[in-house]
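# Descriptive analysis of the structure
Here's the letter readout for the chains.
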Amino acid sequence: MKTFLKIFGGIVATLLAVMLVVPIFLGDKIGEIVKTEANKMLNAKVDFEELDISLFRHFPKASLDISDLSVTGVGKFEGETLVAAERIELAVDILSIFGESFEISKVWLRGPVINGVVLADGSVNWDIMKPSDEPATEEKPAEEQKEEEESGEPFKLSLKSLIISDAKISYTDKTPGASMHFHTSPVNLSLSGDMSMAETVLSLAADAGDITFVSGKDSYAAGLKAQLKGDIGAKIEQGVYSLSGMSFSV
């Protein structure tokens, strides 16, 4: 019996050591791969300070943290921030990785920044996808496409909770004759429910501060605050959404 306990204890200790050490060694390598591949795909510069993988922080779920993420423009938008975030946290069900439903139980965006810009010539800073090198393929009939989709292995993304805290959102249009600017900060949002279901109810709570909207020389909003709270009934496959118990205040 003592021998069995020693062997069992040794196995547990080894597994714990692997769970602790492997993410430390792989984190930097995975981070560099992600940066390299993202920059190959985008006409933008993608960077982040650290990518941390932990099997203990939300055990039995794995956690993935990205700190100081930034996506900045190139060319006409050199140095212009499109998207940024102080920290992005994801909690993932480890066992779901090996199944048909990839379950992310929580996504938390801390201090995200979204900055849309339209230049006078109509160029937009969010058009950052590089054209594909693959030759265009002939479009298949709708029935054939549907059969291929149904025959493929099912894959579902299950998200239980989305949290956004201290976000900054801005949009600037410099088009002559239609110039405008919108800004709001901070923006906080909490959305919870089973987002993998074909029919579900999501609980929403959101608030926004310092809402500013200027069109041309006219100011339509300055320093406003808004709050929204209620439930969203969603029939995902039909694209039907309904609101219930909603309260909105400015």
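Everything below is about the structure shown above.
Keep in mind that this is a model prediction, so the values were computed, not measured.

### Description of the overall build of the chain
If you tally the helices and strands in the chain, you get two helices and 11 strands. The secondary structure elements of the chain, listed N-terminal to C-terminal, are α-β-β-β-β-β-β-α-β-β-β-β-β. Relative to its 250 residues, the chain shows a buried fraction of 29%. For the chain, the accessible area works out to roughly 16,700 Å², and carbon and sulfur atoms hold 61% of it.

### Some points on a negative patch on the surface
On the surface, Glu 49, Glu 50, Asp 68, Glu 86 and Asp 166 cluster together into a patch of negative charge. Classification of Asp 166 as partly exposed rests on a relative accessible area of 48%.

### Observations regarding unusual backbone geometry
Between Ser 185 and the following residue, Pro 186, the backbone shows a cis peptide bond with an omega angle of -5 degrees. Following the sequence through the fold, Pro 186 ends up in strand β8 (residues 180-192). Unlike most non-glycine residues, Asp 166 shows phi in positive territory, near 55 degrees. Secondary-structure assignment places Asp 166 in strand β7 (residues 156-173). The phi dihedral of Asp 210 falls on the positive side, at around 50 degrees, and the residue is not glycine. Following the sequence through the fold, Asp 210 ends up in strand β9 (residues 199-215).

Quick notes on the rules
Residues numbered from 1 in each chain as written. Predicted model: local features only at pLDDT ≥ 70, side-chain atom pairs only at ≥ 80, totals over all residues. Heavy atoms only, no water. Helix = DSSP H or I, 4+ residues; strand = E, 2+ residues; numbered from the N terminus. Buried < 20%, exposed > 50% of the residue type's maximum accessible area, 1.4 Å probe, protein only. Areas by Shrake-Rupley, 256 points an atom, 1.4 Å probe, with all protein chains shown as cover. Patch = residues over 30% accessible without salt bridge, like charges linked within 9 Å, V, L, I, M, F, W, Y side chains within 5 Å. Salt bridge = Lys/Arg side-chain N within 4 Å of Asp/Glu carboxyl O. Lys, Arg positive; Asp, Glu negative; His and termini not counted. Charge placed at Lys NZ, Arg CZ, Asp CG, Glu CD.

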